[in-house]
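# Notes for the structure review
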Amino acid sequence: MRKRSEAGVGQLVLQIVFPEGKANDGTGETEVDAPAASGRFPIAESRPERKHKWYSLIDKVYAIANLQAAWKQVKEKNGAAGVDGMTVGKFAQGDAERLQQLSDDLRRKTYRPQPVRRVYIPKSGGGKRPLGIPTVRDRIVQQAVRQILEPIFERKFSRYSHGFRPERGCATALDVVDRAVRHGYTWVVDADIQAFFDTVEHEKLLAAINEEIADGSMLKLIALILRAGVIEPEVSEMEPTELGTPQGGPLSPLLANIYLHTFDEEMQQAGYGLVRYADDFVIFARSESAASAAMGLAREVLEGQLRLRLHPEKTRVVSVDAGFEFLGFHYFRNPKTGRMCKEVRQKSVRSFRDAIRARTPRLHTQRWVKPCHVTPTQLGKNQRLKEEIGRVNTYLRDWHGYFKTAVFRYKPPFRTFDEFVRRRIRASVTGRVGSGWWNQRIPNALLSDLGLLSLVELQSQYQQGQLEAPARKG
């Protein structure tokens, strides 16, 4: 049995023990059977329960009602077509017959998933991230499997885990991090699992599923999904998948949590303050030596037991004051004021700017605009500008809903973001012709009259309690 590295670390309110009398500052548990706010673990039953395994599940997967519910989820997300070119809209034409055929194929064990279509999306920090797009038919099967497996594994998942889980998500993970920083956890293991979704070992994953599931047909179906293969862009031949769970399928997030559950358990038994969201995690400690010991254990479990790899350049032990990044935020202490800040990290800033640029394109056919032609009346009649502002506003609301808990070193918060948005709107109108006249012709007040939202104003409304709290999503 592992010795606890530091008494009290990692035991209270979701993950971390905070001082007595300060646990009830809006930090309630999200699990019905979670430990009390005092941080004490539930008392074990005098007679341990016999391990229960599920032996008959495949019939629940191919039940028409389950497939219909899965199809509803896939249809709402309206993702891209897979290798067969079948779109969600086309599948909807005659979906009842298609679902019945899918149910029959699963029942007869003749269902075979098609290879995943691989695409690469740009990363904010440079490079590209691989994404797998299963066919619509295969996405329905993955979602149907997830709907059956998720309630079973939710019963055993750790409170340390927040990603892609019911009633949990970025909001709950960041809430724990915020309270850890406030309550004296001054050291952190800032870690990164290198290429996690590409390096998961299938046999280890299936063995972890087999701890709860004894239905051979269900295990075989999951194995087929894992080994369906991928087709790279501009390549016709299928490439086998002997490792990994391709990002993009509905089942992949649940499989990731199952695979990393061993890591959660080991860190919990050792008493460390782990906060994990999918493959992204931080570990809190009250001393540098405790943080170093936590990183040693994390490396032992992840690399030794699970055959994963911690990124050598992105995994470190660092003081909270010096700063660390987690889920889009950069935590650090301002050396001038001594105030703890929680700003939008630079990668997220670049993502914000890229998203605004994509929503405010400059037309190749756009003519030069004279200052005298830029009037409130003309701009108010500009349908393209109206649609553009609508797209930007939708993004700003969602973006602010996530980042509104930020604490900046400067005031007013989000000012620089607003300035960038206004520059892009002005450029889309004028094409940036001339030497700055558009700032006078299209002032901030006019953009506001045209309906453009301001992040500074949204933040002011939030701080005054005029905006609802964001939903907690996985």
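Residues numbered from 1 in each chain as written. Predicted model: local features only at pLDDT ≥ 70, side-chain atom pairs only at ≥ 80, totals over all residues. Heavy atoms only, no water.

Attention now moves to the sheet that holds strand 8 (residues 324–326). Across the sheet, which stays open at both edges, the three strands sit in the order 8-9-10 with antiparallel pairing between neighbours. Either end of the sheet is taken by a strand with one partner, and the two such strands are strand 8 and strand 10 (340–344). Sheet twist, expressed as the mean angle between neighbouring strand axes with direction ignored, is 25°. Looking at chain direction, strand 8 and strand 9 (residues 329–333) are connected through three bridges and run antiparallel. By the bridge assignment for strand 9, E325 is matched with H330. (Pairing = 2+ DSSP bridges. Helix = DSSP H or I, 4+ residues; strand = E, 2+ residues; numbered from the N terminus. Axes fitted to C-alpha atoms, helices over the stretch in contact; angles between N-to-C directions.)

This part is about the side chain of H162. Among the secondary structure elements, H162 is positioned in the loop between helix 5 (136–154) and helix 6 (170–182). Among the polar contacts listed, one links the side chain of H162 to the side chain of T172, at a separation of 2.7 Å. (Polar contact = N/O pair within 3.5 Å; in protein donor to acceptor, adjacent residues only side chain to side chain.)

Moving on to the pairing of strand 10. Regular strands place side chains that alternate from one sheet face to the opposite one. Extensive coverage of strand 10 is indicated by the burial of five of its five residues. Two strands pair when backbone bridges link them, and strand 9 and strand 10 are joined in this way by five bridges, in the antiparallel orientation. Among the inter-strand pairings, F329 is bridged to a residue of strand 10, identified as V344. The antiparallel hairpin formed by strand 9 and strand 10 contains six residues in its connecting segment, where G338 sits at a positive phi of about 75°. (Buried < 20%, exposed > 50% of the residue type's maximum accessible area, 1.4 Å probe, protein only.)

We now examine the confidence of the model for the chain. Within the chain, residue pLDDT values average 83, and 82% of them lie at 70 or more. Confidence drops under a pLDDT of 50 for residues 1–50, and excluding neighbours within four residues, the segment shows 105 contacts in the predicted structure. pLDDT under 50 marks residues 469–474. Its contacts with residues more than four places away, or in other chains, come to 16 contacts. (pLDDT = per-residue confidence, 0-100. Contact = heavy atoms within 4.5 Å.)

Formed by 70 residues in total, the largest nonpolar core has its most connected members in I140 and M267. Among the elements that make up this core, the one with the highest residue count is helix 5 (nine residues). Formed by 50 residues, the second largest nonpolar core is a distinct cluster that contains A180, I356, I389 and F403. (Core = buried A, V, L, I, M, F, W, Y, C linked by side-chain atoms within 4.5 Å.)

Within the secondary structure, A293 is located in helix 11 (residues 288–305). Taking C-alpha positions, A293 is 9.8 Å from V189, a pair spaced 104 residues apart along the chain.

Let us look at the pairing of strand 5 (residues 273–277). The element strand 5 is extensively covered by neighbouring structure, given that five of its five residues are classed as buried. Of the two faces of strand 5, the one carrying G273, V275 and Y277 and the one carrying L274 and R276 are both buried. Bridge analysis of strand 5 against strand 6 (residues 280–285) gives five bridges, and the strand direction is antiparallel. Its bridge partner lying in strand 6, G273 is registered against F284. Connecting strand 5 to the next strand, strand 6, in antiparallel fashion are two residues, including A278 with a positive phi near 55°.

Pairing in this open sheet of four strands is antiparallel, and the strands run 5-6-3-7 from one edge to the other. Lying at the two open borders of the sheet, with one neighbouring strand each, are strand 5 and strand 7 (316–319). Averaged over all neighbouring strand pairs, the angle between strand axes comes to 20°, with direction disregarded. Looking at chain direction, strand 3 (residues 187–192) and strand 7 are connected through four bridges and run antiparallel. Looking across to strand 7, one finds that W187 is bridged to S319. Helix 10 (residues 252–269) rests against strand 5 and strand 6 of the sheet, and its axis sits at about 170° to strand 5.

Throughout the structure, instances matching the rule amount to 20 aromatic pairs. Ring geometry for F352 and Y395: centres 5.9 Å apart, planes at 40°, overall tilted. Taken together, the residues span a long stretch of sequence, with F352 in helix 12 (residues 346–359) and Y395 in helix 14 (residues 383–403) at a distance of 43 residues. The two residues F352 and Y395 agree in class, both being buried. Through a chain of ring-to-ring contacts, three or more aromatic side chains come together here, namely F329, F352, Y395, W399, Y402, F403, F408, Y410, F414 and F417. The ring of Y185 has R286 lying over it, and the distance from NZ or CZ to the ring centre is 4.1 Å. A cation over an aromatic ring shows up here: K342 above the ring of F329, its NZ or CZ 4.5 Å from the ring centre. (Phe/Tyr/Trp six-rings, centres within 6.5 Å; stacked < 30°, edge-to-face > 60°. Lys NZ or Arg CZ within 6 Å of the ring centre and 35° of its normal.)

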